[in-house]
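Residue strings, one per chain:
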Amino acid sequence: QVQLVESGGGLVQAGGSLRLSCAASGHTFSNDFMAWFRQAPGKEREFVSYMRWSGEYIYYADSVKDRFTISGDYAKNTLYLQMNSLKPEDTAVYYCAATSRYSAIMTSSRVYDYWGQGTQVTVSS
């Protein structure tokens, strides 16, 4: 049974940093795509970043490019999202996701089969 468990969320002032973690278990993610999505109150779930577990194909949404960094520790089966220069508009619940499938649109939430429970990130102005 695949499990994804996020942690690292919290309250931070604008301009600050947080690092989210996603501990994965129950599956060998060697060739899978891992991603971060976020959902703000009253808004649809939004793509943030993805990477292939091997480290290839890293991609970011324009809204977080140059501020967020996705990475993975294969030995620990853990995905990370380093978030710097945080803005109030980054406030959302952040979700980790995984899939063994490949699609031309890896930014779509519909491609991902496994999801974590989410971790709240709140950025105050």
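Everything discussed here concerns the structure shown above.
Residues numbered from 1 in each chain as written. Predicted model: local features only at pLDDT ≥ 70, side-chain atom pairs only at ≥ 80, totals over all residues. Heavy atoms only, no water.

1. Focus: the environment of Phe33
Piece 1. You can see Phe33 is positioned in strand β4 (residues 33-39).
Piece 2. For the pair Phe33 and Arg101, spaced 68 residues apart in sequence, the C-alpha separation works out to 7.7 Å.
Piece 3. Residues in contact with Phe33, not counting those within four places in the same chain, are Tyr50, Met51, Arg52, Tyr57, Ala97, Ala98, Thr99, Arg101, Tyr102, Met106 and Tyr112. (Helix = DSSP H or I, 4+ residues; strand = E, 2+ residues; numbered from the N terminus. Contact = heavy atoms within 4.5 Å.)

2. Structural notes on the packing of aromatic side chains
Piece 1. Scanning all chains against the criterion turns up 12 aromatic pairs.
Piece 2. Measuring from centroid to centroid gives 5.7 Å for Phe47 and Tyr50, while their planes differ by 50°, and the two rings are tilted.
Piece 3. Here Phe47 falls in the buried class, since its relative accessible area comes to 10%.
Piece 4. Where Phe47 meets Tyr59, the ring centres are 6.0 Å apart and the plane angle is 25°; that geometry is what we call stacked. (Phe/Tyr/Trp six-rings, centres within 6.5 Å; stacked < 30°, edge-to-face > 60°. Buried < 20%, exposed > 50% of the residue type's maximum accessible area, 1.4 Å probe, protein only.)

3. A look at the side chain of Thr78
Piece 1. Mapped onto the secondary structure, Thr78 falls in strand β8 (residues 78-83).
Piece 2. Owing to a relative accessible area of 10%, Thr78 belongs among the buried residues under this scheme.
Piece 3. Within the structure, Thr78 has its side chain in polar contact with the backbone oxygen of Lys76 (distance 2.9 Å).
Piece 4. Non-local contacts of Thr78, meaning those with residues more than four positions away in its chain, are made with Ser21, Cys22, Ala23, Trp53, Ser71, Gly72 and Asp73. (Polar contact = N/O pair within 3.5 Å; in protein donor to acceptor, adjacent residues only side chain to side chain.)

4. Focus: the sheet that holds strand β7 (residues 68-73)
Piece 1. Strands sit in the order β1-β3-β8-β7 across an open sheet of four strands; the sheet is antiparallel. Either end of the sheet is taken by a strand with one partner, and the two such strands are β1 (3-7) and β7. The mean inter-strand angle of the sheet, taken between neighbouring strand axes irrespective of direction, is 15°.
Piece 2. With six bridges connecting them, β7 and β8 associate as antiparallel partners. Bridge pairing in β8 places Thr69 opposite Gln82. (Pairing = 2+ DSSP bridges. Axes fitted to C-alpha atoms, helices over the stretch in contact; angles between N-to-C directions.)

5. Brief notes about the nonpolar core
The nonpolar side chains of a soluble globular protein tend to be buried, and buried together.
Piece 1. Trp36, Leu79, Leu81, Met83, Tyr94 and Tyr112 are the most contacted members of the largest nonpolar core, which has 38 residues in total.
Piece 2. Breaking this core down by element, the ones donating at least two residues are β3 (18-25), β4, β5 (46-52), β7, β8, β9 (92-99) and β11 (119-124).
Piece 3. Discounting residues that sit within four places of it in the chain, Tyr112 has contacts with Phe33, Met34, Ala35, Phe37, Tyr50, Ala97, Ala98, Thr99, Arg101 and Met106. (Core = buried A, V, L, I, M, F, W, Y, C linked by side-chain atoms within 4.5 Å.)

6. Points about the state of the cysteines
Piece 1. Per the counting criterion, the structure on display carries one disulfide.
Piece 2. Disulfide pairing places Cys22 opposite Cys96 at an S-S distance of 2.1 Å. Taking the sign of the S-S torsion, -70° for the link of Cys22 and Cys96, the bridge is left-handed. Taken together, the residues Cys22 in strand β3 and Cys96 in strand β9 connect sequence positions 74 residues apart. As far as the burial class goes, Cys22 and Cys96 line up, both buried. (Disulfide = S-S within 2.5 Å.)

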